[in-house]
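The primary structure of each chain is shown beneath.
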Amino acid sequence: MRLGPHRWRRWSTLCAVAAVAVLEACGPRPSTLAEIRAHGELRVVTLNSPTTWYQGAHGPQGAQFELAKAFAATIEVPLSMYAVSDLAALRTELAAGRADMVAAAITPDTAWQRVGLVSNSFAHIKQLVVFRRGGRRPQNVAALRDSRVVVRAGSPQVAVLEFMKRNGADHLQWLEATHEDDDPVAQVSTGNADFTIVDANEFAFARQLYPGVNIGFELPDTRAAHWIVSRGAKDVAERVNAFFATLASDPHKVDLLRAVTADTPEFHYQTAAGFQADIETRLPALQAWFEEAAASAGVDWRLLAAIGYQESKWSHTAASGDGARGVMMLTLDTANSLGVTDRDDPRQSIIAGAKYFAQTRDKVPARIPEPDRSWMTIAAYNVGFGHLEDARILTQSRGKNPDVWAEVATALPLLAQERWYLKAKHGYARGWEPVRQVEQVMLYLNVLEWSDAQRRTSQ
């Protein structure tokens, strides 16, 4: 049936009235933020990488995880974060409504703008050109001519190269590695590629895994990092932008931002190269004992292995000037108290070391959350529980939180200064040593966690 113009207008009016009636009967649609609070969690999708999200010894870790957890706290809901394989999968999750937002330091293009709302930028990440140690060191973009440049397919670095090619560097050519191929940094390390481009914070971690690579030069332009919020969630996007606006000024959040924009920290090539070699040669003979000891002590085996590596480089014949011996560097008194008959026996040493760690951890207040409680346990393992308590008391007297390792770590070195140790119950301590000890264990643990995760994925 064909309607005349008057009937058409009347029919349209009736449809509009009916639609309004239906909407009014259902009530106003709740805001996206209200919906998130109603289903009781913030669903965030990300990528599995050492700088975004991964499972560590103390649960989920990574810079994007920490940022997302802090944001979820501002909207008073728990965080539910999970990882997918690549950028295309991230867009699929957001478009399908399975995630409320993407947190993965995205540099958005039109594909992202089609599936969600782009937040304000919260960081600008330096881009590094990486080459193999001993090889030809590139000084500028022109040096990439006629070279094998490899980047991960679909990565922000592809967009970086495309931008440079459009803006004067028309000589640029590159290959894109799929997820079935080795990581581009690994390819540079083995000589299968001449150069790659990588985020500065990614390289800070990658060079520990691949010590045979180095920085050639830094590209002139950084890349902007954003989150992507589901379409229509303007109220959530506004809250995200407000959260980002506080990052640089809030002392409690500034470390979260540093983790995203971090330059490469102090790096010791020999140490990193030796660690990688020892993972391949020494760890396999000890891993079963680390796992056995860790299970009995209630600690992650990788944390125990990281402590053992810091103590002895996993050498059962290691010895120190103060009489400590073995993989876990037990003193004679400690070994006797734990029933060890041979400190050079790696199994006895590891099991006793785990037991000693658990005994020390039990002295640290249970209210201190992980991983801070483990870091303080390691410090006490090194310097003694009494000195740790002196540092915690000093931390509190200086108006800081004695239950936060980062703040206790600033007080421990003061115990080597007369004006402070004369006031401490247990006196002088070489307080910088436990701080360095924890820093090294953190580094070794990060590498072990990621190496173990990669091994499990490949099985």
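Above this text sits the structure in question.
Since we're looking at a predicted model, the values are computed, not measured. (Residues numbered from 1 in each chain as written. Predicted model: local features only at pLDDT ≥ 70, side-chain atom pairs only at ≥ 80, totals over all residues. Heavy atoms only, no water.)

Enquirer: Report on the nonpolar core, specifying residues and quantitative values.
Expert: Ranked by internal contacts, the top residues of the largest apolar core, which has 61 residues, are Phe290, Leu303, Trp314, Met328 and Trp405. Here the element with the most residues in this core is helix α20 (residues 432-458); it accounts for 8 residues. Residues Ala70, Ile125, Val240 and Leu257 belong to the second largest nonpolar core, which totals 32 residues. (Core = buried A, V, L, I, M, F, W, Y, C linked by side-chain atoms within 4.5 Å. Buried < 20%, exposed > 50% of the residue type's maximum accessible area, 1.4 Å probe, protein only. Helix = DSSP H or I, 4+ residues; strand = E, 2+ residues; numbered from the N terminus.)

Enquirer: Give a detailed account of the packing of helix α13 (residues 301-312) against helix α16 (residues 372-383), specifying residues and quantitative values.
Expert: Between α13 and α16, the shortest axis-to-axis distance is 12 Å and the interhelical angle comes to 30 degrees. With respect to each other, α13 and α16 are oriented roughly parallel. Between α13 and α16 the crossing geometry is right-handed. Taking contact as the criterion, the partners of Leu303, Ile307 and Glu311 in α13 are, on α16, Ser374, Trp375, Ile378 and Tyr381. Class assignment for the residues of the contact of α13 with α16 results in 5 nonpolar, 1 polar and 1 charged. (Axes fitted to C-alpha atoms, helices over the stretch in contact; angles between N-to-C directions. Parallel < 35°, antiparallel > 145°, perpendicular 65-115°, else oblique. Left-handed = near helix turned anticlockwise from the far one by under 90°. Contact = heavy atoms within 4.5 Å. Nonpolar A, V, L, I, M, F, W, Y, C, P; charged D, E, K, R; others polar.)

Enquirer: Any details on the pairing of strand β11 (residues 195-199)? Residues and values, ideally.
Expert: When you tally the buried positions in β11, you get 5 out of 5 residues, the bulk of the element. Across the two faces of β11 the burial is the same, with Phe195, Ile197 and Asp199 and Thr196 and Val198 all buried. As paired elements, strand β8 (residues 127-132) and β11 share 5 bridges and run antiparallel to each other. In the strand pairing of β11, Val129 is matched with Ile197. (Pairing = 2+ DSSP bridges.)

Enquirer: Let's hear about helix α3 (residues 63-74): which residues, and what values?
Expert: Counting along an α-helix, one turn takes 3.6 residues, and residues three or four places apart therefore face a common direction. With 12 residues, α3 should reach 16 Å at 1.5 Å per residue; the first-to-last C-alpha distance of 17 Å fits that figure. Taken as a whole, α3 has its buried residues at Ala63, Gln64, Phe65, Leu67, Ala68, Ala70, Phe71 and Ala72. Note on α3: the residue one or two positions beyond its end, Glu76, has a positive phi of about 65 degrees. (Expected span 1.5 Å × (residues − 1).)

Enquirer: Tell me about a negative patch on the surface, and please be specific about residues and values.
Expert: Among the surface-exposed residues, Glu180, Asp181, Asp182 and Asp183 lie close enough to one another that they form a single negatively charged patch. Judged by its relative accessible area of 70%, Glu180 falls in the exposed class. (Patch = residues over 30% accessible without salt bridge, like charges linked within 9 Å, V, L, I, M, F, W, Y side chains within 5 Å. Areas by Shrake-Rupley, 256 points an atom, 1.4 Å probe, with all protein chains shown as cover. Salt bridge = Lys/Arg side-chain N within 4 Å of Asp/Glu carboxyl O. Lys, Arg positive; Asp, Glu negative; His and termini not counted. Charge placed at Lys NZ, Arg CZ, Asp CG, Glu CD.)

Enquirer: Would you mind going over the pattern of salt bridges in detail, with residue names and values included?
Expert: The tally for this structure, following the rule as stated, stands at 13 salt bridges. Between Asp300 and Arg302 there is a salt bridge, and its shortest N-O distance comes to 2.9 Å. Residue Arg367 is joined to Asp403 by a salt bridge in which the shortest nitrogen-to-oxygen separation is 2.7 Å. With Arg367 in the loop between α15 (346-363) and α16 and Asp403 in the loop between α17 (385-397) and α18 (405-411), this residue pair connects regions lying 36 residues apart in the sequence. Several salt bridges share partner residues, and in doing so they unite Arg367, Glu389, Arg392 and Asp403 into one network.

Enquirer: I'd like a description of empty space enclosed by the protein, backed by residues and values.
Expert: As enumerated under the stated definition, the model contains 1 cavity of 30 Å³ or more in all. Taken as a whole, the largest cavity holds about 30 Å³ of empty space. Breaking the lining of the largest cavity down by element, the ones donating at least two residues are α11 (269-281) and α20. Among the elements that make up the lining of the largest cavity, the one with the highest residue count is α11 (3 residues). (1 Å grid on protein atoms, 1.4 Å probe; cavity = no way out; pocket = protein on both sides within 12 Å on 5 of 7 lines; lining within 4 Å. Points joined across faces, edges and corners; volume = space filled by probe spheres on them.)

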